[in-house]
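Residue strings, one per chain:
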Amino acid sequence: MLCAFGFGSLGVTIEDLYFIDPDPEPGQEGAERGVRVELRLLEPQQWRGSVYASQRVLIDQALWRADFFESVSGGPGTKDRMHHHPLMKGDEPGGRVFDPALTADPIGWLGDQMSGVTNILEAAGTVWNEADVAALRAAIPLLVGTVTTLLEQVRAGEIALAPTRPMRVPG
């Protein structure tokens, strides 16, 4: 499931994932599953059609990512793969950053990160609109509620299931 939220020029995507790293770091081998959250930019689009026409929405460049993952072998609730990528360049994440505060209280940690969204935007060198930041901050209960719900569904084995066909790896 992919959920997308738009706040003017800012977007947040939340999705369930079943993931197998083709080149894992030591200790990160094996499948993992959970919920991914990304702060993204919404790319302005040219108006098309009448004043009543549906308009294109382009959720584009990722600036920041948090992965609320757990190893499949470790089981639900282990929080053993939860990490974040404080800065992304050209949609590519840097290395995984494991933060004890994220593992201790994933939902509280996410709320804190979204409250401090201007720190993320500043680190990414992005210009932002204060009204967009205010709208995102006002939606923090909705965002963390969505992550909570999806994480509960992952742990119940309802979503983020093993793929039924081989994963496509670029290259």
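Every residue gets a number counted from 1 within its own chain, in the order that chain's sequence is written. Predicted model: local features are reported for residues with pLDDT of at least 70 only, side-chain atom pairs are reported and counted for 80 or more only, and whole-chain, interface and lining totals are derived from all residues. Neither water nor hydrogens contribute to the side-chain values; these are computed over all heavy atoms in the structure.

1. A few points about the side chain of Q28
Considering the arrangement of structural elements, one finds Q28 in the loop between β2 (10–19) and β3 (32–43). Owing to a relative accessible area of 14%, Q28 belongs among the buried residues under this scheme. When near neighbours in sequence (up to four residues on either side) are disregarded, Q28 contacts R81, R96 and F98. The way it works is that DSSP assigns letters per residue, a run of H or I at least four long becomes a helix, a run of E at least two long becomes a strand, and they are numbered from the N terminus. Three labels apply to residues, based on accessible area from a 1.4 Å probe with only protein chains included: buried if under 20% of the type maximum, exposed if over 50%, partly exposed otherwise in between. The criterion used for residue contact is that any of the two residues' heavy atoms lie within 4.5 Å.

2. Notes on the environment of F68
Looking at the secondary structure, you find F68 in strand β4 (residues 58–71). Note on F68: relative accessible area 0%, which makes it buried. Put simply, F68 and L142 are 74 residues apart on the chain and 17 Å apart in space, counted from C-alpha to C-alpha. Sequence-distant contacts of F68, defined by excluding residues within four places in its chain, comprise R33, G34, V35, V37, M82, L102, P106, W109, L110, V147 and L151.

3. Overview of the pairing of β3
Burial runs high along β3: 11 of the 12 residues are buried. Should DSSP find at least two bridges between two strands, the strands are regarded as paired. Bridge analysis of β2 against β3 gives 10 bridges, and the strand direction is antiparallel. The partner of V12 across the bridge, within β3, is L39. Where β3 lies against β4, 11 bridges are found, and the strand directions are antiparallel. Among the inter-strand pairings, E43 is bridged to a residue of β4, identified as L58.

4. Considering the packing of aromatic side chains
A pair of aromatic rings is counted whenever rings of Phe, Tyr or Trp (Trp by its six-membered ring) have centres within 6.5 Å, and the orientation is called stacked for planes under 30 degrees apart, edge-to-face for over 60 and tilted otherwise. This model, assessed by the stated rule, comprises 3 aromatic pairs. Here W64 and W109 contribute two aromatic rings whose centre-to-centre distance is 6.1 Å and whose plane-to-plane angle is 20°, an arrangement assigned as stacked. Placement of the pair is W64 in strand β4 and W109 in helix α2 (residues 106–115), with a sequence separation of 45 residues. Judged on exposure class, the residue W64 and its partner W109 are both buried. Grouping aromatic residues by their ring pairs yields a cluster made of W64, F68 and W109. Ring-over charges, as used throughout, are those where CZ of Arg or NZ of Lys falls within 6 Å of the ring centre and within 35 degrees of the ring normal. Above the plane of the ring of F19 lies R36, whose end atom (NZ or CZ) is 6.0 Å from the centre.

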